[in-house]
Each structure stands twice: as C-alpha cells, then as structure tokens.
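The primary structure of each chain is shown beneath.
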Amino acid sequence: YQTDAISAEEFSVISDEIKAAKNRIPNLNYLLEKSEYLKNLGDEAEYFYDIVVMDYVEHMDIDLFMLLVLIIVITLIFTEDYTSGTVLLVKSSANGKGKLFCCRFGCAVLCSAVCGVIFPTAEFIVKYIAFDLGNLQADVKNLMIMESCNLSMSIGQYIILTVVIRMLYAIVFGMLVM
C-alpha cells in the first residue's frame, strides 16, 4: 500500500481477511483436533457440526435462577400459613402437626419437581430452536468432551438423563429450603 503496489481498497480487503483469519484459527484448531479424535474412534464415528451441541452439553449445570424461584415459591407457601394464623390452629389439633408437615413436604417436592423439569426443558427448547443443536441421535462419544464417558447412549438420551438429574437436585434443594 505504501509503495503504491496495491490500492487502498485492496489493502483494506486484505487487512480484513487477515483479521478474519485470526478469528478462525481457534475453530480450525478445534476441527483438526476433532478429526484426529474421530479417526481414533474408528467405524463408530459420526461427522457432524457439534460445536454448539458440545457447548450446550458442557455447560449443563444447575440453574441459579431456578434455585431462586424455588426459594421464593417454597417460602411463600410456608409464610402464608404463619401470616394468616392457621399454623397455631392446625398444630393444636390431634393429627395436625403431622398432616401439616406432610402437606408442606408434598408441596415442596411437587414445586421442586415441576421447576426441575420446566427450567431445563425450556432451556433446551430455546437452544434447540435458536442454535439448531443438530444430530442428537449420534453417540455421546462423538463429542470430544465426552471421550472418557463409558455410557453407551445418544446425545439426546444424555441430555434427558441430565434433565432428570437436575430435577432430582431441585427436589433435594427444595427439601433443604423447607
């Protein structure tokens, strides 16, 4: 550009391509690692675009927003009894204390189970629609982050198993809040 060998427009195009190439280097490195990994898997390897799926599976953890909602809902259920003054009436009856505990326990488990299913399912639906998660029928070992996994299941089955585990965590958390 400075020696007038190329025009300013050509220099701009070339410099933009250099910047774009620098941004593509991590993806290229991932694709090279992935192709070597799939070669080592042998015949059971399935080639598909999995960067979004891998990112989703890697970051499937307990949702803090769900835990906050659980705290609010469960405490609202129990504080309503105290503010209305019905707790003293129920506890004074012969079987009231046990029945009150069973009702509270049932409400806490039910609310926790519902939240434990709704939040991960909504997250999955939004990510499936927005990012097109792709081939969920592929074996879970096709994801590089799952190379040490000994489970023989598809990616979709792994996601369902994780949702069930998250629901169980939510139930345990709901019982702790109670």
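Preceding this paragraph is the structure being described.
These remarks concern the structure in this document.

The rules behind each value
Residues numbered from 1 in each chain as written. Predicted model: local features only at pLDDT ≥ 70, side-chain atom pairs only at ≥ 80, totals over all residues. Heavy atoms only, no water. Helix = DSSP H or I, 4+ residues; strand = E, 2+ residues; numbered from the N terminus. Buried < 20%, exposed > 50% of the residue type's maximum accessible area, 1.4 Å probe, protein only. Areas by Shrake-Rupley, 256 points an atom, 1.4 Å probe, with all protein chains shown as cover. Axes fitted to C-alpha atoms, helices over the stretch in contact; angles between N-to-C directions. Parallel < 35°, antiparallel > 145°, perpendicular 65-115°, else oblique. Left-handed = near helix turned anticlockwise from the far one by under 90°. Contact = heavy atoms within 4.5 Å. Nonpolar A, V, L, I, M, F, W, Y, C, P; charged D, E, K, R; others polar. Expected span 1.5 Å × (residues − 1). Core = buried A, V, L, I, M, F, W, Y, C linked by side-chain atoms within 4.5 Å. Salt bridge = Lys/Arg side-chain N within 4 Å of Asp/Glu carboxyl O. Patch = residues over 30% accessible without salt bridge, like charges linked within 9 Å, V, L, I, M, F, W, Y side chains within 5 Å. Phe/Tyr/Trp six-rings, centres within 6.5 Å; stacked < 30°, edge-to-face > 60°.

### Some words on the overall build of the protein
Looking only at helices and strands, one finds six helices and zero strands in the protein. Along the chain direction, N to C, the helices and strands of the protein fall in the order α-α-α-α-α-α. The buried share among the 178 residues of the protein stands at 27%. For the protein, the accessible surface area stands at approximately 11,900 Å², while carbon and sulfur atoms represent 64% of it.

### As for the packing of helix H3 (residues 64-84) against helix H5 (residues 96-131)
Contact geometry of H3 with H5 gives a least axis separation of 10 Å together with a crossing angle of 155 degrees. Classified by the angle their axes make, H3 and H5 are roughly antiparallel. In this structure, H3 meets H5 at a crossing whose hand is right-handed. Along its contact with H3, which presents Phe-65, Met-66, Val-69, Leu-70, Val-73, Ile-74, Ile-77, Phe-78, Asp-81 and Tyr-82, the element H5 presents Leu-100, Arg-104, Cys-107, Ala-108, Cys-111, Ser-112, Cys-115, Gly-116 and Phe-119. For the contact of H3 with H5, a count of residues per class yields 15 nonpolar, two polar and two charged.

### Section: helix H6 (residues 155-177)
Helix length check: H6, at 23 residues, gives a terminal C-alpha distance of 33 Å against a target of 33 Å (1.5 Å per residue), a fit within 8%. Among the residues making up H6, those that are buried are Ile-155, Gly-156, Tyr-158, Ile-159, Thr-162, Val-163, Arg-166, Ala-170, Ile-171 and Gly-174.

### Some words on the nonpolar core
Within the largest apolar cluster, 12 residues are counted, these being Met-60, Leu-133, Leu-136, Ala-138, Val-140, Leu-143, Met-146, Cys-149, Met-153, Ile-155, Tyr-158 and Ile-159. Those residues in contact with Leu-136 that sit more than four places away from it in its chain are Phe-124, Tyr-128, Ser-154, Ile-155, Gly-156 and Ile-159. Core analysis: the second largest hydrophobic core is formed by eight residues, Met-66, Leu-70, Ile-74 and Phe-78 among them.

### Some points on H5
End to end, H5 covers 52 Å across 36 residues, agreeing with the expected 52 Å (1.5 Å per residue, within 8%). Two residues or fewer past H5, Asp-132 is found with a positive phi of approximately 50 degrees.

### Overview of the pattern of salt bridges
For the structure on display, the rule yields one salt bridge. One salt bridge in this structure joins Arg-166 and Glu-123, with 3.2 Å as the shortest N-O distance. One end of the pair, Arg-166, is in helix H6; the other, Glu-123, is in helix H5, and 43 residues separate them in sequence. Given the relative accessible area of 5%, Arg-166 is considered buried.

### What about the packing of H5 against H6?
It is the contact of H5 with H6, at a shortest axis distance of 8 Å, that shows an interaxial angle of 145 degrees. Relative to H6, H5 is oriented so that their crossing is right-handed. In this structure, H5 contributes Phe-105, Ala-108, Val-109, Ser-112, Ala-113, Gly-116, Val-117, Pro-120, Thr-121, Glu-123 and Phe-124 to the contact, and H6 contributes Ile-159, Val-163, Arg-166, Met-167, Ala-170, Ile-171, Gly-174 and Met-175.

### Regarding a nonpolar patch on the surface
Together, Phe-101, Phe-105, Val-172, Met-175, Leu-176 and Met-178 make up a nonpolar patch on the protein surface, roughly 550 Å² of accessible area in all. Mapped onto the nonpolar patch, the elements with two or more residues apiece are H5 and H6. By residue number, the principal contributor to the nonpolar patch is H6, which donates three residues. Within the secondary structure layout, Met-175 lies in helix H6. Classification of Met-175 as partly exposed rests on a relative accessible area of 32%.

### What about the packing of aromatic side chains?
To describe a pair of aromatic rings, you give the distance between the ring centres and the angle between the ring planes. Under the counting rule described, the total for this entry stands at two aromatic pairs. Both rings, one in Phe-65 and one in Phe-119, keep their centres 5.7 Å apart while their planes meet at 65 degrees; by these two values the pair is edge-to-face. In this pair, Phe-65 sits in helix H3 while Phe-119 sits in helix H5, placing the two residues 54 residues apart along the sequence.

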